[in-house]
Amino acid sequence: MSETTTGSFETWRKGYGLIAHNNETVERVNALAASGRIDPQALYRILAAADRLTSAAMWTVVHMSYARRVDLSGAPLPADAFKPTPEGHTGGSLNMVPAFVGYLVANALTGTTRSWLMGQGHCVAAIEAINALTGDVSPRQKGRYDRTEKGLSQLAADFYSYAIDAEGRAAVPLGSHAGPNTAGAISEGGYLGFAEVQYIHMPLPGESLVAFLSDGAFEEQRGSDWTPRWWRAEDSGHAIPVMILNGRRIEERAQIAQQGGSDWLAAHLRHNGFDPFAIDGRDPAAFAWAILVAEERLERFAADPGHRYPAPIPYVIAETVKGFGFPGAGTNAAHNLPIDGNPSRDDAAQNAFNEAAAALFVPPREIERAVGALAVHDGQNRPLESRHPLALRRPQTPQLPEPEWTCAGDPPDCAMHALDRWFVRVVDANPDLRPRVGNPDEMRSNHMGAALDRLRHRVNTSETGIADAVDGAVITALNEEAVAGAALANKGGLNLIVSYEAFAMKMLGGLRQEIVFARRQREIGLEPGWISVPLVVTSHTWENSKNEQSHQDPTIGEALLGEMSDTARVLFPVNANSAMAALRSVYDGSGQVACLIVSKRDMPHRLDGAAAGRFVTKGAAHIDGDPGEADLQLVAVGAYQLEEALKAAHRLKGHGHRIVVTAVCEPGRFRAPRDPLEAAFAANDEEVAALFPTELPRVVVTHTRPEPMLGLLRRLDGGPTRTVARGYISRGGTLDVAGMLFANRCSWAHLTDAAVQLAGWSRDELLTQAERAAIDGRGNPADLSQPAI
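Residues numbered from 1 in each chain as written. Predicted model: local features only at pLDDT ≥ 70, side-chain atom pairs only at ≥ 80, totals over all residues. Heavy atoms only, no water.

### Let's talk about the sheet that holds strand S4 (residues 274–280)
Okay, so step 1: Ordered in space as S1-S2-S3-S5-S4, the five strands form an open sheet in which the pairing is parallel. What marks the edges here is a single partner per strand, and that holds for strand S1 (115–118) and S4. Neighbouring strand axes in the sheet, compared pairwise and without regard to direction, differ in orientation by 20° on average.
Okay, so step 2: Of the strand pairs in this sheet, strand S3 (residues 238–245) and strand S5 (residues 313–319) are connected by four bridges, and their pairing is parallel. By the bridge assignment for S5, Leu245 is matched with Glu319.
Okay, so step 3: Contacting strand S2 (208–214), S3, S4 and S5, helix H11 (residues 284–303) runs over the sheet at an angle of about 160° to S4. (Pairing = 2+ DSSP bridges. Helix = DSSP H or I, 4+ residues; strand = E, 2+ residues; numbered from the N terminus. Axes fitted to C-alpha atoms, helices over the stretch in contact; angles between N-to-C directions. Contact = heavy atoms within 4.5 Å.)

As structure tokens, this is what we get:
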């Protein structure tokens with residue numbers, strides 16, 4: 001070791017403030033220096049800078065929780081410099097600082113900008129503090145947050161300021177969790193456990209992702225244990241999980257700590273196919289070393305021509321104490337506010353803060369030198385960490401072949417079969433888009449057999465006679481969150497999720513996290529570029545009548561209709577053509593999650609190709625009758641609902657009444673828009689009036705429960721004397737389709753009766769005595785004849 005290198009080593013070896021290096025880390029770093037991969041002098045110089053940046057960022061984090069401002073002289077803060085009501089997830093954020101700085105170090109050492117993901121989004125203060133110190137902030141933060149006293153004071157003042165603007169939006173570009181204004185963030189991380197099932201599906205070949213995970217979230221999703229089942233060197237980049245093992249949740253020890261800590265976790269991970277190793281989670285050098293070693297192990301596996309799956313995925317266990325570096329470390333209080341008392345009015349708390357902050361303080365000149373040592377992006381010809389590959393996902397626009405439309409006179413066709421056939425053609429037309437299908441179970445039963453045969457279940461060992469393969473693109477497990485995560489994570493490719501409607505509810509948290517993040521990006525002018533992801537729910541409420549009521553649940557569509565409709569789309573195709581047109585519409589968009597409620601039983605031909613396209617584009621279409629001449633409108637949301645509406649119209653028209661039947665494909669287009677973005681997506685007043693004339697009385701029959709749909713379609717609602725709604729009223733069991741329709745008062749006869757009451761027509765004239773008795777609950781449901789259409 002040269003004299004200069006020895007001096008650099010000694011500077012780093014001494015540590016800085018509370019940042020120290022144990023013997024194991026020193027040996028590991030020295031071995032890295034001796035490997036020839038990295039210039040030793042540069043290595044030690046960058047690591048010494050990392051110690052100083054880590055300490056400065058920890059100092060900034062605690063000010064963000066407690067202080068209105070900072071003092072870069074290092075002087076103690078007086079009482080009036082503290083927030084009257086401090087707030088923050090201080091302990092976890094302190095733990096994330098050395099982890100993220102270690103990530104920056106790994107990038108600087110190898111000249112590669114890796115992607116990053118943080119599952120514990122509530123630790124955002126760590127990211128924001130480091131970004132402000134390094135100057136790598138988001139566009140809306142630029143000029144507001146930097147490493148000057150003014151910039152860091154503004155950062156501290158804005159954190160949990162609850163500032164709101166005149167439009168009711170957050171008035172500062174800083175939140176409690178990672179958000180679109182957090183430079184480089186790709187997920188809020190508010191729903192713990194979803195990063196764990198997504199990260200392995202994110203990087204494309206040639207990319208590398210560091211996924212920061214928490215020991216608390218480890219308890220959320222069993223699907224995270226299956227990571228080695230899914231990774232393939234041939235179609236994926238490096239994915240490096242890094243768990244911050246601090247041992248505590250909010251009110252007690254984490255389950256890992258109760259089970260036996262790091263040793264227990266390592267044994268658990270090995271049992272599930274990982275290659276775990278532990279590091280000092282208080283030292284940025286340990287994180288940098290771990291990232292480089294994990295990548296080296298994955299590269300070595302991929303280079304072995306005889307490699308067999310599952311791959312032993314390196315898993316970094318970063319052992320630390322929650323809130324390390326500040327009073328209250330290792331206690332429940334460390335989660336939020338670790339100091340006992342409020343420094344703005346408690347002298348003891350004020351002194352505790354100032355003494356702890358002094359141990360973390362780094363003079364501005366030292367910070368400048370540290371940042372300069374790490375700010376080598378231009379010289380290495382690489383982007384800033386805020387512009388890592390996953391943060392800029394914008395895959396090529398997919399080629400969408402013209403669907404093979406069914407025609408009038410064709411026999412009834414299955415919408416799922418049609419969708420299946422067209423999806424395979426889309427996959428074949430886009431060989432450069434990595435496909436992923438998330439499938440909890442029964443893909444062939446759900447009539448996606450062509451896609452299954454084309455893409456196959458991903459397995460480690462293939463089974464003869466089964467549609468599976470080591471390189472399969474269908475991620476199958478009886479865990480809805482895990483398989484949905486595979487598709488939601490694959491933002492560089494082409495995705496599809498298929499599920500029973502009832503069980504798709506288990507995916508809702510993961511779907512909503514994607515929807516909210518994408519919507520908030522739009523709100524600040526950042527259009528997400530990934531190809532929209534469809535969730536196809538079938539075996540749905542009405543056709544799953546043969547199973548018990550657990551299988552009869554339309555809630556997923558209702559819940560997603562509660563989100564902003566320009567980003568969370570919900571579509572109800574009514575036949576094969578409209579199912580293909582709906583899926584084409586989804587893939588033609590970006591940054592949206594779309595739920596398609598699709599029947600898997602054969603349904604009559606109702607719309608040709610051109611009409612199906614208009615139906616999806618406009619959100620609704622007249623199926624039968626002329627609205628300009630009608631006395632009453634039957635509005636159907638859903639395929640089975642349309643068929644019953646047409647039967648009711650047939651009965652009514654047979655008695656001289658003029659009826660128009662209108663099907664709604666996308667109810668969200670007809671809601672009262674809640675902001676300008678949604679208004680641009682929704683139909684305007686003229687378009688609504690053309691489809692739903694204001695003077696017509698209306699009977700709405702919906703796939704969903706009637707109340708939420710009627711509330712959503714308030715612009716169509718003429719009040720209780722002009723509009724009535726029928727839908728799922730939470731009645732079911734082991735029935736057939738006719739039984740489900742009858743039980744929920746959605747049969748053609750119930751719709752006819754609703755029209756009679758609304759329009760004042762003669763009930764006795766329109767329904768037979770037996771039919772009236774049946775719908776009144778006094779007769780036999782089998783007496784309801786099925787009028788031909």
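### With respect to the pattern of salt bridges
Okay, so step 1: Under the criterion given, the structure shown has 43 salt bridges.
Okay, so step 2: A salt bridge links Glu296 to Arg37; the shortest N-O distance between them is 3.6 Å. With Glu296 in helix H11 and Arg37 in the loop between helix H2 (23–34) and helix H3 (40–66), this residue pair connects regions lying 259 residues apart in the sequence.
Okay, so step 3: The salt bridge partner of Asp675 is Arg519, with a shortest N-O separation of 2.9 Å. Here the residue Asp675 occupies a position in the loop between strand S18 (659–664) and helix H23 (676–681), and Arg519 occupies one in helix H18 (residues 508–523), the gap between them amounting to 156 residues.
Okay, so step 4: Asp675 sits in the buried class, given a relative accessible area of 12%.
Okay, so step 5: If you follow the salt bridges from partner to partner, you end up with Arg169, Arg519, Glu523, Asp566 and Asp675 in one network. (Salt bridge = Lys/Arg side-chain N within 4 Å of Asp/Glu carboxyl O. Buried < 20%, exposed > 50% of the residue type's maximum accessible area, 1.4 Å probe, protein only.)

### Examining the packing of aromatic side chains
Okay, so step 1: Following the criterion strictly, the structure yields 24 aromatic pairs and no others.
Okay, so step 2: Residues Phe218 and Trp264 carry aromatic rings whose centres are separated by 6.2 Å and whose planes lie at 90° to one another, so their mutual orientation is edge-to-face. Linking Phe218 in the loop between S2 and helix H8 (227–230) with Trp264 in helix H10 (residues 261–271), this pair joins segments that are 46 residues apart in sequence.
Okay, so step 3: Both rings, one in Phe670 and one in Phe692, keep their centres 5.3 Å apart while their planes meet at 80°; by these two values the pair is edge-to-face. Of the two residues, Phe670 is situated in the loop between S18 and H23 and Phe692 in the loop between helix H24 (685–691) and strand S19 (698–702); the sequence distance between them amounts to 22 residues.
Okay, so step 4: We note Arg282 situated over the ring of Phe324; from NZ or CZ to the ring centre the distance is 5.7 Å. (Phe/Tyr/Trp six-rings, centres within 6.5 Å; stacked < 30°, edge-to-face > 60°. Lys NZ or Arg CZ within 6 Å of the ring centre and 35° of its normal.)

### A short note on the side chain of Glu128
Okay, so step 1: Of note, Glu128 is situated in helix H5 (residues 124–134).
Okay, so step 2: No salt bridge is formed by the buried Glu128, whose closest oppositely charged neighbour, Arg520, lies at an N-O distance of 9.4 Å.
Okay, so step 3: Among the polar contacts listed, one links the side chain of Glu128 to the side chain of Gln141, at a separation of 3.1 Å.
Okay, so step 4: Side-chain polar atoms of Glu128 contact the side chain of Thr182, separated by 2.8 Å.
Okay, so step 5: Look past the residues within four positions of Glu128 in its chain and what remains in contact with it is Met64, Gln141, Leu155, Leu174, Asn181 and Thr182. (Lys, Arg positive; Asp, Glu negative; His and termini not counted. Polar contact = N/O pair within 3.5 Å; in protein donor to acceptor, adjacent residues only side chain to side chain.)

Keep in mind that these numbers describe shape and distance, not what the molecule does.
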